[in-house]
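# Examination of the molecular architecture
Each chain is listed here by its residues.
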Amino acid sequence: MSKKILFVLIAVLIIGVLTYVLWPEKKAEENIVIEKFEYVDIEAKEAYKLISDDKDVVVLDVSPRWAKGHLPNSINHYAVDGSLDKAIPTLDKDKTYLVYCHVDSVSILGAQKLIDAGFEKVYRLKDNYPAWLDGGYPIEVELKAVGDYQGSALTTRSFLDGKFEHVVIADIKDPAPGKFYEGWLVDGSKFFSTGEMKKENGKYILTYTSNEDSRSFKSVVITEETLSDGLDNKPEKHVLEGEFE
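Everything quoted here is computed from the prediction, not taken from an experiment.

## Focus on the sheet that holds strand β7 (residues 152-160)
- Within the open sheet, the 9 strands sit side by side as β10-β9-β13-β14-β6-β7-β8-β12-β11. Their pairing is antiparallel. At either margin of the open sheet sits one strand with a lone partner, and together these are β10 (190-196) and β11 (198-200). The sheet shows a mean angle of 25° between the axes of neighbouring strands, direction not considered.
- Examined bridge by bridge, strand β13 (residues 219-226) and strand β14 (residues 237-243) share 6 bridges and lie antiparallel to one another. Counterpart to I222 in the pairing with β14 is L240.

In structure tokens, the structure reads:
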């Protein structure tokens, strides 16, 4: 037998052995299905239904503008400066997340960071915060104390189905004797009273509803008023202030 033929036979034998040894592993690799999750874009209307139907949904604001106004009960971890990266290990992967920002580039980045970290149920608010605003869905902002006053409040507003609703929940001490707290909505030099705040379960609460869309009145003010004067449409001493973006 020539050396050439012998070399060919040895090569064939080696190939056969390698095929026999490696083939099961190759087949096993082919049978492994790696499930890849992706976030889902949803419209503002769908997002509102999602968080209304499931109170456990985590609403994640990944913008740097949370203090200017945000979806109620949202948490804030900016996606660009590393804040979200630090927070991700502390977040519950079993929960559903709704991610939003003010621009696509950042909300996409934030949603993808969750997916890459192994979160399976991630939604992204399509067209972001502006779409939520345009739909009249609830937004929230904090009111801060003025001057020597202490305390804070959360205020929300919405305009849904032709109904404007404005709510303030304030954690402040009782007014001075002979005084009461009153709410106001302000638009430049225009303003109107939203009524007297009432104490419920240790907090002062105000709920104002109207058929008129008053979203242009972005500034919210709480004043301390003289009880004997009542609701006289003359604002007195400012206690809390805040502004919707």
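## As for the nonpolar core
- Within the largest apolar cluster, 37 residues are counted, with the highest numbers of intra-cluster contacts made by L98, W132, V168, M197 and L240.
- Looking at which element gives the most residues to this core, the answer is helix α2 (residues 44-53), with 4 residues.
- Sequence-distant contacts of V168, defined by excluding residues within four places in its chain, comprise L143, A153, L154, T155, M197, Y204, I205, L206, V220 and I222.

## Quick word on helix α4 (residues 104-116)
- End to end, α4 covers 18 Å across 13 residues, agreeing with the expected 18 Å (1.5 Å per residue, within 8%).
- All buried positions along α4 are accounted for by V106, S107, G110, A111, L114 and I115.
- Close packing links the buried residues of α4 with β2 (58-61), α3 (83-87), β4 (97-100), β5 (122-125) and α5 (128-134).

## Focus: the sheet that holds strand β3 (residues 75-76)
- An order of β1-β5-β4-β2-β3 is seen for the 5 strands of this open sheet, with the pairing classed as parallel. In the strand order of this sheet, the two ends are held by β1 (40-42) and β3, each with one partner.
- The sheet contact formed by β1 and β5 spans 3 bridges and is parallel. Its bridge partner being in β5, I42 is matched across the sheet by L125.
- Contacting β1, β2, β4 and β5, α2 crosses the sheet at an angle of about 100° to β1.

## Here's the deal with the pairing of strand β8 (residues 163-171)
- Sheet topology note: the β7/β8 ladder contains 9 bridges and is antiparallel. Bridge pairing links A153 to A170 in β8.
- Hairpin connection, β7 to β8: the antiparallel pair is bridged by 2 residues, and D161 has positive phi, about 55°.
- Direction of pairing for β8 relative to strand β12 (residues 203-210): antiparallel, over a ladder of 7 bridges. Counted as the bridge partner of I169 is I205 from β12.

## A closer look at the layout of surface pockets
- Within this model, the largest pocket holds a volume of roughly 270 Å³.
- What lines the largest pocket is a set of 13 residues, and nearest its centre among them are I51, K55, V59, P72 and N73.
- Elements that contribute at least two residues to the lining of the largest pocket include exactly α2 and β2.
- Ranked by the residues each element gives to the lining of the largest pocket, the list is headed by α2, at 3 residues.
- In terms of residue class, the lining of the largest pocket is made up of 9 nonpolar, 2 polar and 2 charged.
- Considered as a void within the structure, the second largest pocket measures approximately 200 Å³ in volume.
- Taken together, Y48, P72, N73, P138, E140, T156, R157, S158, L160, K163, E165 and V167 make up the full set of residues lining the second largest pocket.
- Of all the secondary structure elements, the ones that give two or more residues to the lining of the second largest pocket are β7 and β8.
- When residues in the lining of the second largest pocket are grouped by element, the largest group, 4 residues, is from β7.
- Of the residues in the lining of the second largest pocket, the class split is 5 nonpolar, 3 polar and 4 charged.

What counts, and where the lines are drawn
- Residues numbered from 1 in each chain as written.
- Predicted model: local features only at pLDDT ≥ 70, side-chain atom pairs only at ≥ 80, totals over all residues.
- Heavy atoms only, no water.
- Pairing = 2+ DSSP bridges.
- Helix = DSSP H or I, 4+ residues; strand = E, 2+ residues; numbered from the N terminus.
- Axes fitted to C-alpha atoms, helices over the stretch in contact; angles between N-to-C directions.
- Core = buried A, V, L, I, M, F, W, Y, C linked by side-chain atoms within 4.5 Å.
- Buried < 20%, exposed > 50% of the residue type's maximum accessible area, 1.4 Å probe, protein only.
- Contact = heavy atoms within 4.5 Å.
- Expected span 1.5 Å × (residues − 1).
- 1 Å grid on protein atoms, 1.4 Å probe; cavity = no way out; pocket = protein on both sides within 12 Å on 5 of 7 lines; lining within 4 Å.
- Points joined across faces, edges and corners; volume = space filled by probe spheres on them.
- Nonpolar A, V, L, I, M, F, W, Y, C, P; charged D, E, K, R; others polar.

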